[in-house]
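# Fold and geometry: a report
Residues per chain are reported as follows:
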Amino acid sequence: QVQLVESGGGLVQPGGSLRLSCAASGSISDIYSMGWYRQTPGKQRELIAIIISDSSSNYADSVKGRFTISRDKDKNTAYLQMNSLKPEDTAVYYCNVMIGVWRRQYWGQGTQVTVSS
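The following refers to the structure shown. Keep in mind that this is a model prediction, so the values were computed, not measured. (Residues numbered from 1 in each chain as written. Predicted model: local features only at pLDDT ≥ 70, side-chain atom pairs only at ≥ 80, totals over all residues. Heavy atoms only, no water.)

What follows is about the overall build of the chain. Helices and strands together make up the secondary structure of the chain, namely zero helices and 11 strands. Helices and strands in the chain line up, N terminus first, as β-β-β-β-β-β-β-β-β-β-β. Here the C-alpha radius of gyration of the chain, 14 Å, is about what a compact globule of 117 residues would show, namely 13 Å. Overall, the chain is about 45 × 25 × 25 Å in size when its C-alpha atoms are taken along their principal axes. Contacts in the chain between residues at least 24 apart in sequence constitute 54% of all its contacts with a sequence separation of at least 6. Counting only carbon and sulfur atoms, one obtains 46% of the accessible surface of the chain, whose full area is about 6300 Å². (Helix = DSSP H or I, 4+ residues; strand = E, 2+ residues; numbered from the N terminus. Rg over C-alpha atoms; globule rule 2.2 N^0.38 Å. Contact = heavy atoms within 4.5 Å. Areas by Shrake-Rupley, 256 points an atom, 1.4 Å probe, with all protein chains shown as cover.)

This part is about the pairing of strand S5 (residues 46-52). Burial runs high along S5: five of the seven residues are buried. Here strand S4 (residues 31-39) folds back onto S5, and the loop between the two strands holds six residues, one of which, glycine 42, carries a positive phi near 85°. The sheet contact formed by S5 and strand S6 (residues 57-59) spans three bridges and is antiparallel. Bridged to isoleucine 50 within S6 is asparagine 58. Hairpin connection of S5 to S6: four residues between the antiparallel strands, including serine 55 at a positive phi of 75°. (Buried < 20%, exposed > 50% of the residue type's maximum accessible area, 1.4 Å probe, protein only. Pairing = 2+ DSSP bridges.)

As a further point, take the state of the cysteines. Evaluated as defined, the whole model comprises one disulfide. Across a sulfur-sulfur distance of 2.0 Å, cysteine 22 and cysteine 95 are joined as a disulfide pair. Between cysteine 22 and cysteine 95, the S-S torsion sits near -75°, and that sign places the bridge as left-handed. Residue cysteine 22 is found in strand S3 (residues 18-26), and its partner cysteine 95 is found in strand S9 (residues 91-99); the two are separated by 73 residues along the sequence. For the residue pair cysteine 22 and cysteine 95, the accessibility class agrees, reading buried in each case. (Disulfide = S-S within 2.5 Å.)

Okay, the environment of glycine 108 next. Structurally, the position occupied by glycine 108 is in the loop between strand S10 (104-107) and strand S11 (111-115). Of the residues examined, glycine 108 reaches a relative accessible area of 11% and is grouped as buried. Taking the C-alpha atoms as reference points, glycine 108 and asparagine 96, 12 residues apart in sequence, are found 6.5 Å from one another.

What follows deals with the side chain of serine 21. Mapped onto the elements, serine 21 comes out in strand S3. On the basis of relative accessibility, which here comes to 17%, the residue serine 21 falls in the buried class. Discounting chain neighbours no more than four positions away, the residues touching serine 21 are Val5, Glu6, Ser7, Trp36, Thr77, Ala78 and Tyr79.

Spelled out as structure tokens, the structure:
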């Protein structure tokens with residue numbers, strides 16, 4: 001079993017920054033990727049950033065240049081540094097991990113990010 005614990009969400013003013021963390025524990029010996037998704041009411045969950053085991057990363061166009069994903073392999077933790085936040089970044093952010101050759105997926109509980117003045 002795999003557990004993901006997210007932290008770092010909150011309320012921030014437009015233009016501000018937040019850093020999300022996702023700590024993985026349990027049966028995590030073969031992590032293929034760690035990523036961040038976000039979801040707003042009535043919309044599908046969307047992938048915004050992902051980092052693969054070879055350390056390559058990809059971003060949604062909406063966050064490219066503003067968000068940075070990183071991973072500490074020793075701590076089994078992924079981070080999402082979010083800068084220049086906009087009101088449209090307001091959402092629940094979910095951590096996602098894919099493990100093993102079958103790329104089994106696990107999800108965090110979600111953390112609310114609200115960008116508002």
